[in-house]
Amino acid sequence: MNLKTLTYNQSEIRFGNLTENGFDALLSSPRYAQSKKIIITDENVYDLWMEDFISSFEALHEAEIIQLPPGEENKVLDICQHVWSALSEYEIGRNDLIINFGGGVITDLGGFIAATFKRGLSFINVPTTLLSQVDASVGGKTGIDLGPYKNQIGVFADADYVFIDARYLTTLPPIELESGYAEMLKHGLIADAKYWKELKSIDLSSNPETWLDSIYHSVAIKQKIVTEDHLEKSNRKNLNFGHTIGHAIEGYYLENDAVIPHGYAVAWGMLAESFISLKMELLNQNEFEEINDTIRNRYPKLEVETAAIAEIKPLLLNDKKNVNGEISFTLLNKIGSAIYNQKVNDALISEAFEFILNPEA
Ligand code: GLY
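Residues numbered from 1 in each chain as written. Predicted model: local features only at pLDDT ≥ 70, side-chain atom pairs only at ≥ 80, totals over all residues. Heavy atoms only, no water.

### Some words on unusual backbone geometry
Positive phi values are uncommon outside glycine, yet Asn9 reaches one of about 40°. The phi dihedral of Asn151 falls on the positive side, at around 50°, and the residue is not glycine. Within the element layout of this structure, Asn151 appears in strand 8 (residues 149–156). (Helix = DSSP H or I, 4+ residues; strand = E, 2+ residues; numbered from the N terminus.)

### Digging into the site of the ligand
Neighbouring the ligand are Asp135, Lys141, Lys222, Glu232, Arg236 and Leu239. Within the side chain of Lys222, an N or O atom sits 2.7 Å from an oxygen atom of the ligand. A distance of 2.8 Å separates an oxygen atom of the ligand from a polar atom in the side chain of Arg236. Protein chains bury 90% of the 190 Å² of accessible surface belonging to the ligand in isolation. A breakdown of the residues in the shell around the ligand according to their chemical character gives one nonpolar, no polar and five charged. (Near = heavy atom within 4 Å. Polar contact = N/O pair within 3.5 Å; in protein donor to acceptor, adjacent residues only side chain to side chain. Areas by Shrake-Rupley, 256 points an atom, 1.4 Å probe, with all protein chains shown as cover. Nonpolar A, V, L, I, M, F, W, Y, C, P; charged D, E, K, R; others polar.)

### A short note on the layout of surface pockets
Estimated volume of the second largest pocket: approximately 160 Å³. Forming the walls of the second largest pocket are 11 residues, and the residues nearest its centre are Gly16, Asn17, Ala166, Glu209 and Leu212. Of the residues that constitute the lining of the second largest pocket, the class distribution is four nonpolar, three polar and four charged. (1 Å grid on protein atoms, 1.4 Å probe; cavity = no way out; pocket = protein on both sides within 12 Å on 5 of 7 lines; lining within 4 Å. Points joined across faces, edges and corners; volume = space filled by probe spheres on them.)

### Here we look at empty space enclosed by the protein
Here the structure, examined in full by the defined rule, presents two cavities of 30 Å³ or more. Reported here for the largest cavity is a volume of approximately 100 Å³. Lining the largest cavity we find 13 residues, and of these Tyr149, Lys150, His247, Leu315 and Asp319 sit closest to its centre. Secondary structure elements with two or more residues in the lining of the largest cavity: strand 8 and helix 9 (243–255). Estimated volume of the second largest cavity: approximately 40 Å³. Taken together, Thr107, Phe123, Asn125, Ala136, Ser137, Gly140, Lys141, Thr142, Ala157 and Ala159 form the lining of the second largest cavity. At the level of elements, strand 6 (122–127) and strand 7 (141–146) are the ones that each hand at least two residues to the lining of the second largest cavity. In terms of residue class, the lining of the second largest cavity is made up of four nonpolar, five polar and one charged.

### What to know about the packing of helix 3 (residues 77–89) against helix 4 (residues 104–116)
Where helix 3 contacts helix 4, the axes come no closer than 10 Å and their chain directions differ by 50°. Here helix 4 runs oblique to helix 3, going by the angle between their axes. In this structure, helix 3 meets helix 4 at a crossing whose hand is right-handed. Where helix 3 abuts helix 4, its residues Ile79, Cys80, Val83, Trp84 and Leu87 lie against Leu109, Phe112, Ile113 and Thr116. Considering only residue class, the contact of helix 3 with helix 4 consists of eight nonpolar, one polar and no charged. (Axes fitted to C-alpha atoms, helices over the stretch in contact; angles between N-to-C directions. Parallel < 35°, antiparallel > 145°, perpendicular 65-115°, else oblique. Left-handed = near helix turned anticlockwise from the far one by under 90°. Contact = heavy atoms within 4.5 Å.)

As structure tokens, then:
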């Protein structure tokens, strides 16, 4: 694929090799030449890629590096306070530039830090996981978790640029690729039936550098939606398909000091929410079975006791899409088309949880 670009709001997303698509020239351009550069990353990305990153781009030779512990359990206020203090020590000002180099935790948290420090610094995202490339790094949602509640504290703030280079995916463990792939399936399910069919044939053990066209396709779906509804007043809610139940499952794990890949939770959430869509006679039986088979073949089973449903369900009450205290779902009316602000009765929500735990029941 040739180098490609997408834009939304004031943000530009560039796809392709970082060296070839003008990263160094941009950092040395008048817009950023005088800015101090601060790279926020995690320990895994630091070990795998930092030497290559710094040595490849002259503009980064003098950059300060802030290295954070990896994992969703670290996407919390306490870590932000450490980073804000480090920025103060480095005497970072409004004209300086933060570069978030990592997965979804780094782009969410780093974006939030940039957006709030001294009322806002510019930032660039260089996402290194499939999940952050197809979802988290694009669209301006930044934030952190609050206890078991995902992304409860945050602001909308757009990166000046997002650079998507599939080379970084080559060092990802398979579980991380599966995690990002769930968000790609979601893009097909909510917006593009043809793309969903194409995605079903992706071999997740193939070289991810060959997936750049699909990554582009996913981001293009998201870019169209966030251009229409940046602040999630309307159809951006469709991007939350699978996330109402998915976030509650993730929250349950966080509460129990365990972390599961976000994409697994989204996959289980999409199963449950497709089941609800079927039972509410929005989605037909054939399409439901196609989704069910695809997800069950690609993802492990959710391993919690049935009794845990009583602990997971209350977490739905703090979902950000809720309206006037009522849980509000995004559902499917067919593959490739979603409908938001759907009220679902409590008994059906319980049935959906039971379905993902015991599919044969
Ligand atoms: N991850 C969903 C969104 O950005 O709206």
